[in-house]
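# Observations on the three-dimensional arrangement
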Amino acid sequence: VQIPMSSLCNGDVYRPLKVQIFDWDSNGKHDSMGELETSVHAMISSPDTRIPVIELDKKAKKKSYVNSGHFTASATSILSRPTFSDFITNGCEISLITAIDFTGSNGDPDMPNSLHFQYPADSGQMNPYQSTIQAVGDQMYPVYGFGAKVRQPDGNMSAAQHCFPVYGGGLEVHGVEGIMQAYKDCVNNVYFSGPTLFGPLLSASTAIAAASNCSQANQKYTILLIITDGMINDMEATKAAIVAASSQPLSVIIVGVGAADFAGMEALDSDKELLKAGDKTAERDIVQFVAHSNLEFSVLAQKVLAEIPDQVLQYMEKRNITPNKK
């Protein structure tokens, strides 16, 4: 069993640890066999020490009670693991793809109650899509839209598109301001439609991540940021796409804006059990869902990026990729 030091003892090898021992039962009603106290330092420095296991209820009832056995940490060690910063400072490139929901459920962008309403520039206010975009960094970004009919060169509207470049001058824009400007321009040139489909976005992003050819010598990782206001209409296709993407250098961040029911989105964030699609299981958890809920900027940025370091490390470890030395 491998447990991160941050989770086990907050990095403090002398921090007291309470170990509880149970007799496992298939019905879930596990029987307590006692507990003991130790520390990481104690387990490593004295691996053969027999630590008494105490059942507190028996100790309280029986004066003759001594212990219920002994615990021995005979094979304990600390494994050195590269950190996320080790990869970044040594040249690993992190790329971002942004996808914006233009489905009709967002409301008429000319109305103040719309999630896409554009506040006057001098008001200092941002809609939830803008505040989420503001929480990312400064480089070249592909930006997609989905769920809208797009104005064509002849002035007519296309059929509903589920993965289209937001920027008319090409796929990529520069930095947060580039995303913001492309978003503002796009709001006024598309017709909000539907349904909400994630499958095409995930497939396109997975292809981009795969094409980066991440390796020991060429360390690249991609993040797909999806900003959306509602339920997914292709849930099974989305699950299958995520399972397929889990073997690629890709993470998916979904930010839910508005007051919709995001239970389906939360089901994709498989922190407790790896996502399944049919008879296939994801290689690792690559999805992080965050409800916008008018969070302060600093809190939103922290929540959006919370799982990225571990997801990057999991991908690199599975492929025995270590930080390059400059």
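Just so we're clear, the structure is a prediction, and the values are computed from it rather than from any experiment.

## Describing the sheet that holds strand β8 (residues 157-161)
Read across the sheet, 3 strands follow the order β8-β7-β11 without closing on themselves; strand pairing throughout is antiparallel. The sheet terminates laterally at β8 and β11 (190-192), the two strands that pair on one side only. In this sheet, neighbouring strand axes are inclined to one another by 25° on average, regardless of whether the strands run parallel or antiparallel. Taken together, the 3 bridges between strand β7 (residues 148-151) and β8 define a ladder with antiparallel strand orientation. Looking at β8, one finds that Ala 148 is bridged to Gln 161.

## Brief notes about a nonpolar patch on the surface
A cluster of nonpolar side chains, Val 1, Ile 3 and Leu 8, forms an exposed patch at the surface whose accessible area comes to about 340 Å². Positionally, Leu 8 belongs in helix α1 (residues 5-9). We classify Leu 8 as partly exposed; its relative accessible area is 31%.

## Observations regarding the packing of aromatic side chains
Throughout the structure, instances matching the rule amount to 8 aromatic pairs. Note on Phe 102 and Phe 192: the rings are 5.8 Å apart at their centroids and 50° apart in plane angle, and the pair reads as tilted. Residue Phe 102 is found in the loop between β5 (93-101) and α5 (128-133), and its partner Phe 192 is found in strand β11; the two are separated by 90 residues along the sequence. The two residues Phe 102 and Phe 192 agree in class, both being buried. Aromatic side chains Phe 262 and Phe 289 sit 5.5 Å apart centroid to centroid with 45° between the ring planes, which places their arrangement in the tilted category. Of the two residues, Phe 262 sits in the loop between β13 (250-256) and α9 (263-268) while Phe 289 sits in strand β16 (residues 287-291), which places them 27 residues apart along the sequence. For the residue pair Phe 262 and Phe 289, the accessibility class agrees, reading buried in each case. Each member of the aromatic cluster is reached from another via a ring pair, and the members are Phe 102, Tyr 129, Phe 164, Tyr 183 and Phe 192.

## A word on the packing of helix α7 (residues 199-211) against helix α8 (residues 235-245)
Taken N-terminus to C-terminus, the directions of α7 and α8 make an angle of 15°; their axes are 9 Å apart at the nearest point. If you check the angle between α7 and α8, you find them roughly parallel. Viewed along their axes, α7 and α8 form a crossing whose handedness is left-handed. Across the interface between the two elements, Gly 199, Leu 202 and Thr 206 from α7 touch Thr 238, Ala 241, Ile 242 and Ala 245 from α8. In the contact of α7 with α8, the residues fall into 4 nonpolar, 3 polar and no charged.

## Notes on empty space enclosed by the protein
The final tally for this structure, using the stated rule, is 1 cavity of 30 Å³ or more. Size it by volume and the largest cavity reaches roughly 30 Å³. What lines the largest cavity is simply Ile 242, Ser 246, Leu 268, Ser 270, Leu 275, Ala 282, Arg 284, Asp 285, Ile 286 and Val 287. Counted by class, the lining of the largest cavity contains 6 nonpolar, 2 polar and 2 charged residues.

## Here's the deal with the layout of surface pockets
Here the largest pocket is characterised by a volume of approximately 930 Å³. Broken down by secondary-structure element, the contributors of at least two residues to the lining of the largest pocket are α1, β1 (17-23), α2 (40-45) and α11 (308-318). With 4 residues, α11 is the single largest residue contributor to the lining of the largest pocket. Class assignment for the residues of the lining of the largest pocket results in 16 nonpolar, 7 polar and 4 charged.

The rules behind these values
- Residues numbered from 1 in each chain as written.
- Predicted model: local features only at pLDDT ≥ 70, side-chain atom pairs only at ≥ 80, totals over all residues.
- Heavy atoms only, no water.
- Pairing = 2+ DSSP bridges.
- Helix = DSSP H or I, 4+ residues; strand = E, 2+ residues; numbered from the N terminus.
- Axes fitted to C-alpha atoms, helices over the stretch in contact; angles between N-to-C directions.
- Patch = residues over 30% accessible without salt bridge, like charges linked within 9 Å, V, L, I, M, F, W, Y side chains within 5 Å.
- Areas by Shrake-Rupley, 256 points an atom, 1.4 Å probe, with all protein chains shown as cover.
- Salt bridge = Lys/Arg side-chain N within 4 Å of Asp/Glu carboxyl O.
- Buried < 20%, exposed > 50% of the residue type's maximum accessible area, 1.4 Å probe, protein only.
- Phe/Tyr/Trp six-rings, centres within 6.5 Å; stacked < 30°, edge-to-face > 60°.
- Parallel < 35°, antiparallel > 145°, perpendicular 65-115°, else oblique.
- Left-handed = near helix turned anticlockwise from the far one by under 90°.
- Contact = heavy atoms within 4.5 Å.
- Nonpolar A, V, L, I, M, F, W, Y, C, P; charged D, E, K, R; others polar.
- 1 Å grid on protein atoms, 1.4 Å probe; cavity = no way out; pocket = protein on both sides within 12 Å on 5 of 7 lines; lining within 4 Å.
- Points joined across faces, edges and corners; volume = space filled by probe spheres on them.

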